[in-house]
Amino acid sequence: MKKIVPFKHDLFFKENIDEITSISLEHTLKSDSNNQISGEFIITGEYKITKQSINVDKFEFNVPFFITVDEKYDTSDVVVDIEDFYYETIDSNCLSISIEVLLDNLTEVIRNNEDIVEEIGRYRQAIESIP
């Protein structure tokens, strides 16, 4: 099973930017045994400060990413990748990024009735203990 997780983030430059001349995205995302996906996006590129400028400056941003996948999915064989990446310049010093993270090979866990009855019992105890 595949799932897409949308991620948006604004990156701020110390100076004004006129044009992004190149941009790339890499990631270090991985799954752990607790159904968590974590790592970072590494966004690098070059930009011009003004239209007339022939010089370009380089940039690099490391953006942390962390999600917990619902327990109804087994993530032991999940493959984490980037489905899509797009960006836009906002104002003169902000780069807004949108990344679609692809989670592939998710397996839905089928629970038996005993597990469900046990979970209902825990919820019932928790509710009854509320004053």
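We now turn to the structure provided with this report. (Residues numbered from 1 in each chain as written. Predicted model: local features only at pLDDT ≥ 70, side-chain atom pairs only at ≥ 80, totals over all residues. Heavy atoms only, no water.)

**Section: the pattern of salt bridges**
Here the idea is simple: oppositely charged side chains can pair when their charged atoms come close. If you walk through the whole model with that rule in mind, you get 1 salt bridge. With a closest N to O distance of 3.9 Å, Asp18 and Lys51 form a salt bridge. Here the residue Asp18 occupies a position in the loop between strand S1 (3-12) and strand S2 (19-27), and Lys51 occupies one in the loop between strand S4 (36-48) and strand S5 (57-68), the gap between them amounting to 33 residues. Assessed through its relative accessible area of 30%, Asp18 is described here as partly exposed. (Salt bridge = Lys/Arg side-chain N within 4 Å of Asp/Glu carboxyl O. Helix = DSSP H or I, 4+ residues; strand = E, 2+ residues; numbered from the N terminus. Buried < 20%, exposed > 50% of the residue type's maximum accessible area, 1.4 Å probe, protein only.)

**Details of the packing of aromatic side chains**
For the structure on display, the rule yields 9 aromatic pairs. Between Phe7 and Phe41, the aromatic rings sit 5.1 Å apart at their centres with planes inclined by 45°, giving tilted as the arrangement. Separated by 34 residues along the polypeptide, Phe7 in strand S1 and Phe41 in strand S4 bring together distant segments of the chain. A relative accessible area of 15% means that Phe7 is categorised as buried. Measuring from ring centre to ring centre gives 6.1 Å for Phe85 and Tyr87, while their planes differ by 35°; the resulting arrangement is tilted. For Phe85, a relative accessible area of 22% corresponds to the partly exposed category. (Phe/Tyr/Trp six-rings, centres within 6.5 Å; stacked < 30°, edge-to-face > 60°.)

**Examining unusual backbone geometry**
Even without a glycine there, the phi angle at Asn35 is positive, about 60°. The topology assignment puts Asn35 in the loop between strand S3 (30-31) and S4. Asn35 sits in the buried class, given a relative accessible area of 13%. For Asn105, which is not a glycine, the phi torsion comes out positive at approximately 70°. Considering the arrangement of structural elements, one finds Asn105 in the loop between strand S8 (94-104) and strand S9 (107-108). Residue classification places Asn105 among the partly exposed positions, given a relative accessible area of 38%.

**Overview of the nonpolar core**
The biggest cluster of nonpolar side chains holds 27 residues, and the ones touching the most others in it are Phe13, Ile37, Phe41, Ile43, Phe65, Val101 and Leu103. Going through the elements one at a time, S1, S2, S4, S5 and S8 are the ones with two or more residues in this core. When residues no more than four places from it in sequence are discounted, the contact partners of Phe13 are Ile20, Tyr47, Phe59, Phe61, Asn93 and Leu95. (Core = buried A, V, L, I, M, F, W, Y, C linked by side-chain atoms within 4.5 Å. Contact = heavy atoms within 4.5 Å.)

**Here's the deal with the pairing of strand S7 (residues 79-90)**
Alignment of S7 against S8, held across 11 bridges, turns out to be antiparallel. In the strand pairing of S8, Glu88 is matched with Ser96. The antiparallel pairing of S7 with S8 creates a hairpin that spans 3 residues between the two strands, and Asp91 there sits at a positive phi of about 55°. (Pairing = 2+ DSSP bridges.)

**Topic: the side chain of Ser96**
Tracing the sequence through the fold places Ser96 in strand S8. Side-chain polar atoms of Ser96 contact the side chain of Asp10, separated by 3.0 Å. Sequence-distant contacts of Ser96, that is, excluding residues within four places in its chain, are made with His9, Asp10, Tyr86, Tyr87, Glu88 and Ile90. (Polar contact = N/O pair within 3.5 Å; in protein donor to acceptor, adjacent residues only side chain to side chain.)

**Side note on the sheet that holds S8**
Read from one edge to the other, the open sheet built from 3 strands follows the order S1-S8-S7, with strand pairing classed as antiparallel. Every interior strand has two partners, whereas the edge strands, S1 and S7, have only one. Across this sheet, the average inter-strand angle for adjacent strands is 20°, counted without regard to direction. (Axes fitted to C-alpha atoms, helices over the stretch in contact; angles between N-to-C directions.)

The quantities given are spatial measurements derived from coordinates; they are silent on function.
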